[in-house]
Protein chains: 4
Amino acid sequence: MSKKEIRVALIGRKFMGIAHSNAFRNANMWTDIPAKITMKCLCAEDNTENLKVFADKYGWESCEPDWRKVVARDDIDLISIATPNYLHKEIAIEAAKNGKHILCEKPLANNLSEAQEMLEAVEKAGVKHCCGFSYRFTPSLALARQLVQEGRIGRIYHVFVRYAQDWIADPNFGMVWRFDKKIAGSGTLGDLSAHSIDATRFITGLTFKEVIGNLQTLIKERPLDSNNINGPKGKVTVDDVAQFLVNFEGGATGCYESTRLATGRKNYNTIEVNGEKGSLVWNFEDQNYLMFYDNQQSSKEAGFREINVTHDVHPYKGGWWPQGHGIGYADLFTIEVAEFIRSIVEDTPFSPSFEDGVKCQKILEAIEQSAATRVWKNV
Amino acid sequence: MSKKEIRVALIGRKFMGIAHSNAFRNANMWTDIPAKITMKCLCAEDNTENLKVFADKYGWESCEPDWRKVVARDDIDLISIATPNYLHKEIAIEAAKNGKHILCEKPLANNLSEAQEMLEAVEKAGVKHCCGFSYRFTPSLALARQLVQEGRIGRIYHVFVRYAQDWIADPNFGMVWRFDKKIAGSGTLGDLSAHSIDATRFITGLTFKEVIGNLQTLIKERPLDSNNINGPKGKVTVDDVAQFLVNFEGGATGCYESTRLATGRKNYNTIEVNGEKGSLVWNFEDQNYLMFYDNQQSSKEAGFREINVTHDVHPYKGGWWPQGHGIGYADLFTIEVAEFIRSIVEDTPFSPSFEDGVKCQKILEAIEQSAATRVWKNV
Amino acid sequence: MSKKEIRVALIGRKFMGIAHSNAFRNANMWTDIPAKITMKCLCAEDNTENLKVFADKYGWESCEPDWRKVVARDDIDLISIATPNYLHKEIAIEAAKNGKHILCEKPLANNLSEAQEMLEAVEKAGVKHCCGFSYRFTPSLALARQLVQEGRIGRIYHVFVRYAQDWIADPNFGMVWRFDKKIAGSGTLGDLSAHSIDATRFITGLTFKEVIGNLQTLIKERPLDSNNINGPKGKVTVDDVAQFLVNFEGGATGCYESTRLATGRKNYNTIEVNGEKGSLVWNFEDQNYLMFYDNQQSSKEAGFREINVTHDVHPYKGGWWPQGHGIGYADLFTIEVAEFIRSIVEDTPFSPSFEDGVKCQKILEAIEQSAATRVWKNV
Amino acid sequence: MSKKEIRVALIGRKFMGIAHSNAFRNANMWTDIPAKITMKCLCAEDNTENLKVFADKYGWESCEPDWRKVVARDDIDLISIATPNYLHKEIAIEAAKNGKHILCEKPLANNLSEAQEMLEAVEKAGVKHCCGFSYRFTPSLALARQLVQEGRIGRIYHVFVRYAQDWIADPNFGMVWRFDKKIAGSGTLGDLSAHSIDATRFITGLTFKEVIGNLQTLIKERPLDSNNINGPKGKVTVDDVAQFLVNFEGGATGCYESTRLATGRKNYNTIEVNGEKGSLVWNFEDQNYLMFYDNQQSSKEAGFREINVTHDVHPYKGGWWPQGHGIGYADLFTIEVAEFIRSIVEDTPFSPSFEDGVKCQKILEAIEQSAATRVWKNV
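Residues numbered from 1 in each chain as written. Chains lettered and ligands numbered in written order. Predicted model: local features only at pLDDT ≥ 70, side-chain atom pairs only at ≥ 80, totals over all residues. Heavy atoms only, no water.

1. Some thoughts on the overall build of chain A
Across its full length, chain A holds 10 helices and 17 strands. In terms of C-alpha radius of gyration, chain A reaches 21 Å, essentially the compact-globule figure of 21 Å for 379 residues. Projected onto the principal axes, the alpha-carbon positions of chain A cover approximately 65 × 60 × 40 Å. In chain A, which comprises 379 residues, the share counted as buried stands at 66%. When contacts within chain A are restricted to residue pairs at least 6 apart in sequence, long-range pairs at least 24 apart make up 69% of them. Taken as a whole, chain A presents about 13,200 Å² of accessible surface, with 46% of it coming from carbon and sulfur. In chain A, which carries 45 positive and 49 negative side-chain charges, the distance between the mean positions of the two groups comes to 1 Å. (Helix = DSSP H or I, 4+ residues; strand = E, 2+ residues; numbered from the N terminus. Rg over C-alpha atoms; globule rule 2.2 N^0.38 Å. Buried < 20%, exposed > 50% of the residue type's maximum accessible area, 1.4 Å probe, protein only. Contact = heavy atoms within 4.5 Å. Areas by Shrake-Rupley, 256 points an atom, 1.4 Å probe, with all protein chains shown as cover. Lys, Arg positive; Asp, Glu negative; His and termini not counted. Charge placed at Lys NZ, Arg CZ, Asp CG, Glu CD.)

In structure tokens, the structure reads:
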């Protein structure tokens, strides 16, 4: 008997649209999911010619500029949303109404209430839903979670978390839509801290109780035109640095920074977890490794271990190559898509879901409020 | 006007067959080569059903168990050879006679004379040829070469080179065909040192003058059946460790080790180049980085720099993602295939070619002879 | 003409007493200070025999259990205070009244008002004063400051600072006086964060404007007797984790953690400074190195550089050995003592002084208050 | 009852003379040896005034320019030889005749026969002897040996060893006596490879069976005057790079490089040992760490561990500070002197002895001969 088929439409065709395209194109090649993926339709607001070029390049069978038509099509099982954030809600709700399974990029929405509406819609429709916290699918981060769950870390004392980039460290880097709060919702907080919060939840299972945040816009205006740095400037209305402290339920604490101004840090998405029995250090820039300190070993032999997470026994088989051959950024999405489709076909619970998206949004909102009011805020 | 089409057949479907398949499947997606790749035919000695499964998974349009038929087909432009080494020669020569461009895995052949025959064949036929030294297409290794060529290292004093793995460090790891000299040709020397030699030539441009080698088989017999380690054993007839010293033309020296017994080293393919003006350190296990020491800087500020080779200004654009997002093992092959096809379409010289394969083979042979005779041997 | 002589008395003979003894014993050997150090007298509350053993071992000429007698002696120029913190104030004030120069361990006192009294006393007496922020004398940290002052980092955006140890991560580690607030004043905050705060001020020159802190006691009780872990327990009244956020004058921000519960971290005293033109990363566990990212370099060649700070051109000559031979923990104190004595003999300004001690105390106090009140607090 | 006294004379007052002085001055402070060290006499060929300055600075009680007088003095128990190599033999033999215990710097002599004469002399005299392979006293290297001896590495397959510096990488660095074979004996081979050979013997216990070496002088002439680089040049008659391969008794192999031309490497004294059960990596530039890979662990958790060798359970107690506080280069000599004096007082066997010096010399000689004859040479 032939494999089940999962027919996909992608909405959006920028950075994340490319990442999704690659994943749908290659998931059957690298993983053993019990379904055949068909790349039915690419959707984005553009002229047919441009869409056609993109679709041909990445392997989409057809194109359609109007997302409303796409989500209503009978020959589509799964809608992948990779649009700017402010469009997530409407598309997701419409897709859910049409009974489509949904993979939506993070942050789930521009604010908590939108995110909650989306969650209600998918739950009501009974469709499967994925919020694209793609880093969960890095074998090394998944191994971190396994070690915590197996009790190798013991009681968790604290987490120390940083997501640092530097692409706007130059004050002459010009205005882009991402610096406009109306369009982007937030700056580093929604973009980077969202990942840090989800990684914390994923690895540790801890529940955020209360937060105090400090959101700063250190570079307050930027040239409207990068090529004319002495020309007129625009006002940056989102944070470029987000720092916050956390008390978790049960007593553990956390210290976080997200920034786009850390000169020299490129995609330095890191988390350190310290517990009674051991510690973990993860850094996406070295994604094929996980550092693990096991203090159950004798003091004589104990030390942070650099585990090369590329062995068959590792999560997601540590990638698909012999040991030490390593995978790259694109492969996270391939694994994510494969696992999501597996959950659809096998009808098993999936995480990260929209519920994870809502929980993250709730924490982000509390941080924003605590930054505005300058007092601790319950989540 | 439509793009030129390059129609490909792949012969072989193991480790390298998979790497090639992925590359042909995705090169148009990640690179801007002026041709459309068509995956015409998969060829391997197997029954039709098995071939069909592989072809479907990786995207080959058709299957054919007989390579002689494949190389003779009119609708094929490029033959990709990923078979065991001992088959390379015959296939390549036949393919060349039929006017096919050829990508052949390394080592080019099991010995120098075979490699030379292959080179003669492709030159006579006037086809393009690539010997699959895939590591050349790591952006970090390519940057190393650029820095040398730009004079940033100055006169080269010496290279210190090591390719270490550990997959057979356990003496109970059973016999496989790779341990049989008749089939495999050689052990670590042909498999790993070949890469080290090519990387040296690629980065430094140095010419090997004379060598002295030490080839050892430290684990001399292994269980015929891994599941019965106390059962009958077979004799290992290839080296598991290869060490050699080199004097290059012009006076630089080199020190090399390749091993499959370096417990803890997974795919530790490394090279250090030390010159009058600076040094370079490359390690494939951290393939998105290159270490560079520039002693033209003041002593106060000089230090080995970890360059994250993922920027648009880096070779092969440092991959195709924003900085710090990194690529993986599979992507080397994608770049290799793209560059080879570009050279076919644009009719430009290509390297690594069969000539590079022959040069490498010549050096390997001198090492083997020096190991047998225990005296230095001219290349 | 003979060198000036500086006659020293040490009060205290535990961890810091040993560090000071070594420094006074060897400063003339490793540095070129224009004075001869004489180790006149060791003082600690103990019987004569015990004092004699210590004095002989470390080279003190005489012993005296009563510090009041010591600070009054005519043949002493410099008093080195290495007692528990609660004794600092009284000794320092008495020593100042007697016209002695004073080196006092950090934190300067158990609270701000005590520290201020001490500062007033030394200023009134016109003696030289040093607050023992010994890490300032690590050549690598001193180089960090130099690079900032030379403009190599440019406008500073933020600092990310962590001082992590693990010596009490085991909940069965028993009660010691350091866990009693009455005696110790505070826990990690005064012990570790004090160093982090001073390192920030030293390197960056930034002024702390406001802070919000979170002080936690995660292990709330410990066995009174380590050898009887099921026996009676005592209450821990100091913090074992201190986290805080900072806004500096001029807009830079900071994120800090100090902890004694970071399993696997031994003396992980670190600071990262990110600025418009570059970044610095310092980690005392690798004290002979400083990481520097210079973004004035081309993107092609830029990367974090590991500067081995052991060259003659480095601060404090990078130690006293040929390059790469490295110094250890003890040597910081030797440099500190040498520099302090140089400032006495040459009558030049010295830093870190009691003023630096007071400034640090002020910040620590604001953090404690903000933690108690759960709102931001001006420094 | 009072401790035994060991009265010391030092001959030589350059780099090693300083290292020895510090060690004798401070060994009683940092270690618990059952003897009191008295620094009786400094000896060097110089005028009294210069000697006096050095003696005062480092704590020697008296000075004497004539070493023959010193070795004959009744009030001296131990002679420490830190002169240029060519003087070692005569001094050591004379000291032995006078019944003095001897600590002699490495290499023991300028050639094998001299070294053997020295060994005969100390054995005949029945005095204790130490050949100054100081790196053995790094706690991390000593831990490496322990782990091998405890069977944690299992059967050793091979060693990969490199000692790289860069202080003469600049061809305009002028002639010094070290580049004259008549005075210095050899270049990198005797200076650096001697350490690598001893470290191999110390850690692994392996016996060198045969060697093939390549000694090169890459910079063949240098300015006689560094300040006049276009002025007259002198001929360099020693090697600046030494590379060699080794077969050990029992089948293990080795690959070595020593160089003073490795731009960016400062005192990069490293050794990697790969065995059936695990691997070790040691690098003096990070002397407070040892890397250990234990493949008895599950593949899921295995990785190179960075052991911070500063705990009480580590060799030589990992230094004398709390964990993570690290020691420096000077401290190796302090430990060496302490252990040597302990063996004198307790009359226990000591290693590294002159016998170790002779064994090293034998290997160095075989390497030189193999380099001259270009064939493998038995040790």
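The discussion continues.
2. A word on the sheet that holds strand β5 (residues 101-104) of chain D
Residues and elements named next belong to chain D. Reading across the sheet, the six strands line up as β3-β2-β1-β4-β5-β6 and stay open at both edges, with parallel pairing between neighbours. Pairing within the sheet leaves two strands with one partner each, and these edge strands are β3 (62-64) and β6 (129-131). Sheet twist, expressed as the mean angle between neighbouring strand axes with direction ignored, is 20°. Bridge analysis of strand β2 (residues 35-43) against β3 gives three bridges, and the strand direction is parallel. Across the sheet, residue cysteine 43 finds its bridge partner in β3, namely glutamate 64. (Pairing = 2+ DSSP bridges. Axes fitted to C-alpha atoms, helices over the stretch in contact; angles between N-to-C directions.)

3. Topic: the relation of the copies chain B and chain C
Overlaying chain B on chain C yields an RMSD of 0.1 Å, the required transformation being a rotation through 180° with an accompanying axial translation of 0.0 Å. Such values leave the two copies arranged in the relation of a two-fold axis. Using C-alpha coordinates, one finds that chain B approaches the rotation axis most closely at B:Arg305, a distance of 2.0 Å. Taken together, the interface assignments show that 100% of the residues at the interface of chain B recur at the interface of chain C, consistent with an identical surface on both copies. (Least-squares fit on C-alpha atoms with pLDDT ≥ 70 in both.)

4. Here's the deal with the packing of aromatic side chains
Here the structure, examined in full by the defined rule, presents 94 aromatic pairs over all chains. Between C:Tyr329 and D:Trp321 the ring centres are 5.1 Å apart and the planes differ by 75°, which places this aromatic pair in the edge-to-face class. Here C:Tyr329 is found in helix α9 (residues 329-346), whereas its partner D:Trp321 is found in the loop between β16 (304-308) and α9 (329-346) on a different chain. Under the relative-accessibility criterion, C:Tyr329 is labelled buried at 3%. With 6.3 Å between their ring centres and 70° between their planes, D:Tyr135 and D:Trp282 make a pair best called edge-to-face. With a gap of 147 residues between them, D:Tyr135 in the loop between β6 and α6 (139-149) and D:Trp282 in strand β14 (residues 278-283) connect regions that are remote in the sequence. Residue D:Tyr135 is classed as buried on the basis of its relative accessible area of 5%. (Phe/Tyr/Trp six-rings, centres within 6.5 Å; stacked < 30°, edge-to-face > 60°.)

5. Side note on the pattern of salt bridges
Residues and elements named next belong to chain B. All chains considered together, the criterion is met by 117 salt bridges over all chains. A salt bridge links arginine 305 to aspartate 294, with the shortest nitrogen-to-oxygen separation between them at 3.5 Å. Pair noted here: arginine 305 is in strand β16 (residues 304-308) and aspartate 294 is in strand β15 (residues 289-294), with a separation of 11 residues, a long-range link. The exposure classification of arginine 305 matches that of aspartate 294, with both residues buried. (Salt bridge = Lys/Arg side-chain N within 4 Å of Asp/Glu carboxyl O.)

6. Let's talk about the relation of the copies chain A and chain C
Under the fitted operation, chain A is carried onto chain C by 0.0 Å of movement along the axis and a turn of 180°, and the coordinates agree to an RMSD of 0.0 Å. In this assembly, 100% of the residues forming the interface of chain A have copies in chain C that are likewise at the interface, indicating an isologous arrangement.

7. Things to note about the interface of chain B and chain C
Taken together, the contact between chain B and chain C spans 20 residues of the former and 20 residues of the latter. Overall, the association of chain B and chain C removes approximately 1,600 Å² of surface from exposure, summing both partners, and the carbon and sulfur fraction of that is 43%. Three residues, B:Lys300, B:Glu301 and B:Arg305, lead the burial of chain B against chain C; their summed loss comes to 45% of the area buried on that side. A salt bridge links C:Arg152 to B:Glu301; the shortest N-O distance between them is 2.6 Å. Linking chain B with chain C are 14 residue pairs in polar contact (both at pLDDT 80 or more). Secondary structure elements with two or more residues in the side of chain B that touches chain C: α6 (139-149) and β16 of chain B. With five residues, β16(B) is the largest single contributor of residues to the side of chain B that touches chain C. Across the side of chain B that touches chain C, the residue classes tally to seven nonpolar, seven polar and six charged. (Buried area = accessible area lost by both parts, 1.4 Å probe. Polar contact = N/O pair within 3.5 Å; in protein donor to acceptor, adjacent residues only side chain to side chain. Nonpolar A, V, L, I, M, F, W, Y, C, P; charged D, E, K, R; others polar.)

Purely spatial values, then, with no claim about function.
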